[in-house]
Amino acid sequence: MPHIELPNLPGIRGPMAFRPETSKPLNELVEVLLRHPNSLTQGERELIATYVSSQNNCHYCQSIHGAIAAAHLDDDEELVKSVKQDFHAASVSPKLKALLNIAGKVQQDGKNVTAEDVQAARNEGATDIEIHDTVLIAAAFCMYNRYVDGLATFQPQDPALYRERGKMVARNGYVAANLTNVVAPEPAELVSR
Amino acid sequence: MPHIDLPSHLPGIAAAFAFRPETAKPMRDLAHILLFEPGANGSLSSRDRELIASYVSSRNNCFFCKTSHGAAAASHVGGSPELVASVCTDPATADVSDKLKALLIIAAHVQGDPKTVSPEHIAAARAEGATDLEVHDTVLIAAAFCMYNRYVDGLATLQPREPEMYEAMGKQLAEHGYRQPATH
């Protein structure tokens, strides 16, 4: 049961509907980081978000961002799983591996990122903006994950729920998807506490 | 030296904000709402919310954030550098309300592992008069500073050691909030 009286929605959607004032910048930030045009694909950026959420052991965030990543990556759920389990062995580019290494350091402590970690990413072709965005995606998910778990939000287990919403968010984006938190959520999305 | 080519005349998060204005905007807006805008009825003062931000940044050992938000807390009514230092050293013995002490315990758990926030921690805060909105904002301030701190340290931004710079910054933040870029 959530620690405070939240609207009947899963995961971050409960506190976002509870406090629309803060949900606006929270959604705008994730929209810029994960959706706006970028030299990293949306699938790659969602994999970074999923990996960090999995390192933070946040069930809701790793499930929904894993589903959004898969929706961007030809429904390849196995690839998402392999990035979470051991990205070094996953079928992703050497550049993304070097960026996931940086993201993993940021998740622990920003000061753990070394000049060598950054150089390794540059050697694989990473640009300053890609390094910046990787650091900020990792940092931001240390916030979203703590927000979701710190309020003990309801986090459904059924993968089908995440798969369906993941396809919708991959199609429409976060700002648009957020409207469903306050305007007539679909009955299937309502959960009982 | 910063890990990427950030504007060299700006300290800490200001350099990263100038490098990427698209992400700076929502990050500034979030800080402005959480720390500066008046809370709802009977809600936490800006001083108290800045104390939560300083405390979490201190636990994350982020020099720039703990010093700048400590200076902001000190600049608000009822704040002082001594109060900030005592909250960061040991909230239990600091000269703050019992409600804020209970909220600082919740903030520390969010900073460490948010799954360790227990119904007992929440009940203790409620017993001191904390509302759902105050509990929510405490959790989100603590979570947000786990982002800001990692952003500032993860890019190895320049974090000057001159106290005067932070005092001026704290005053500016306490008076004008976070939506406008700092003038120094």
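Just so you know, the residues in each chain are numbered from 1, in the order the chain's sequence is written. Chain letters start at A and ligand numbers start at 1, both assigned in the order the entries are written. Since the coordinates come from a predicted model, pLDDT governs what is reported: local features require at least 70, and pairs of side-chain atoms require 80 or more to be given and counted, while whole-chain, interface and lining totals use all residues. Where side-chain values are given, they derive from all heavy atoms of the structure, hydrogens and water being excluded.

Chain B has the name Putative peroxidase-related enzyme in an unreviewed UniProt entry, where Granulicella aggregans is given as its organism.

Chain A is annotated in an unreviewed UniProt entry as Putative peroxidase-related enzyme from Granulicella aggregans.

J.: Before we move on, could you go through the side chain of Arg 150 of chain B and cite the residues and values that matter?
T.: Tracing the sequence through the fold places Arg 150 of chain B in helix H8 (residues 132–154). The side chain of Arg 150 of chain B sits in the buried core without any salt bridge; Asp 109 of chain A is the nearest counter-charge, 6.7 Å away. With near-sequence residues (within four places) excluded, Arg 150 of chain B lies in contact with Val 106, Gln 107, Gln 108, Gly 110, Val 135, Ala 139, Cys 142 and Arg 146 of chain A together with Asn 60 and Leu 155 of chain B. Numbering of helices and strands runs from the N terminus; a helix is a DSSP stretch of H or I covering at least four residues, while a strand is a stretch of E covering at least two. Remark: exposure states derive from per-residue accessible area (1.4 Å probe, protein chains only) relative to the maximum for the residue type, with buried under 20%, exposed over 50%, and partly exposed in between. For this count, His and the chain ends are skipped, Lys and Arg are scored as positive, and Asp and Glu as negative. The term salt bridge refers to a pairing of a side-chain nitrogen on Lys or Arg with a carboxyl oxygen on Asp or Glu at a separation within 4 Å. Note on contacts: a residue pair qualifies if any of its non-hydrogen atoms lie within 4.5 Å across the two residues.

J.: Outline the interface of chain A and chain B, listing residues and values.
T.: In this assembly, 45 residues from chain A lie in contact with 44 residues from chain B. Accessible area, probed at 1.4 Å, shrinks when two parts are joined; the buried area is that loss added up over both. The contact between chain A and chain B buries some 3600 Å² in all, and 68% of this surface belongs to carbon and sulfur atoms. When the area that chain A buries against chain B is broken down by residue, the three leading residues are His 3, His 132 and Arg 146 of chain A, summing to 19%. Our count for the contact surface shared by chain A and chain B stands at five salt bridges. Across the salt bridge formed by Arg 19 of chain A and Asp 137 of chain B, the nearest N and O atoms sit 2.7 Å from each other. Here a polar contact is recorded for every N or O atom pair within 3.5 Å, except that within protein the pair must consist of a potential hydrogen donor and a potential acceptor, and residues adjacent in sequence are included only if both atoms are side-chain atoms. Across the contact surface, chain A and chain B share 19 residue pairs in polar contact (both at pLDDT 80 or more). Counting only elements with at least two residues in the side of chain A that touches chain B, the list comes to helix H1 (13–18), helix H2 (20–34), helix H6 (94–108), helix H7 (115–123) and helix H8 (128–150) of chain A.

J.: Residues and numbers for the packing of helix H3 (residues 42–55) of chain A against H6 of chain A, please.
T.: All names here are of chain A. Axes here refer to lines fitted to C-alpha atoms; in helices the fit is confined to the stretch in contact. Angles between the N-to-C directions go from 0 to 180 degrees. Where H3 meets H6, the closest approach of the two axes is 10 Å, and the angle between their N-to-C directions is 35°. Considering the relative orientation of H3 and H6, their crossing is right-handed. Residues Glu 44, Leu 47, Ile 48, Tyr 51, Val 52 and Gln 55 of H3 touch H6, and the partners they reach there are Leu 96, Leu 100, Ala 103, Gly 104 and Gln 107. Classification used: nonpolar for Ala, Val, Leu, Ile, Met, Phe, Trp, Tyr, Cys and Pro, charged for Asp, Glu, Lys and Arg, polar for all others including Gly. Residues that form the contact of H3 with H6 fall into these classes: seven nonpolar, three polar and one charged. By the definition used in this description, the sense in which the near helix is turned from the far one sets the handedness, with an anticlockwise turn below a right angle giving left-handed and a clockwise turn giving right-handed.

J.: Please set out the UniProt feature "domain: Carboxymuconolactone decarboxylase-like" (unreviewed entry) in chain A residue by residue, giving values where relevant.
T.: UniProt positions are given in the numbering used here, feature names are shortened, and annotations may be inferred rather than shown by experiment. Under the feature "domain: Carboxymuconolactone decarboxylase-like" (unreviewed entry), the UniProt entry names residues 20–80 of chain A. Structurally, residues 20–80 of chain A comprises 77% helix and 0% strand, and the distance from its first C-alpha atom to its last is 31 Å.

J.: Go over the packing of aromatic side chains, please, and point to the residues and values.
T.: Residue and element names in this part refer to chain B. Put simply, two rings from Phe, Tyr or Trp (the six-membered ring, in Trp's case) pair if the centres are within 6.5 Å, and we call them stacked under 30 degrees between planes, edge-to-face over 60, tilted for the rest. Under the counting rule described, the total for this entry stands at seven aromatic pairs over all chains. Each ring, one from Phe 63 and one from Tyr 166, has its centre 5.8 Å from the other, and the planes form 85°; the classification is edge-to-face. Placement of Phe 63 in helix H4 (residues 63–75) and of Tyr 166 in helix H9 (residues 163–176) is noted, with a sequence separation of 103 residues between them. With relative accessibility at 22%, the residue Phe 63 sits in the partly exposed group. Tyr 166 sits in the buried class, given a relative accessible area of 2%. Three or more aromatic residues link up through ring pairs in this structure, and these residues are Phe 63, Phe 64 and Tyr 166. Residue placement shows Arg 161 over the ring face of Phe 63; its charged tip is 3.8 Å from the ring centre. The criterion for a charge sitting over a ring is simple: Lys NZ or Arg CZ within 6 Å of the ring centre, and within 35 degrees of the ring normal.

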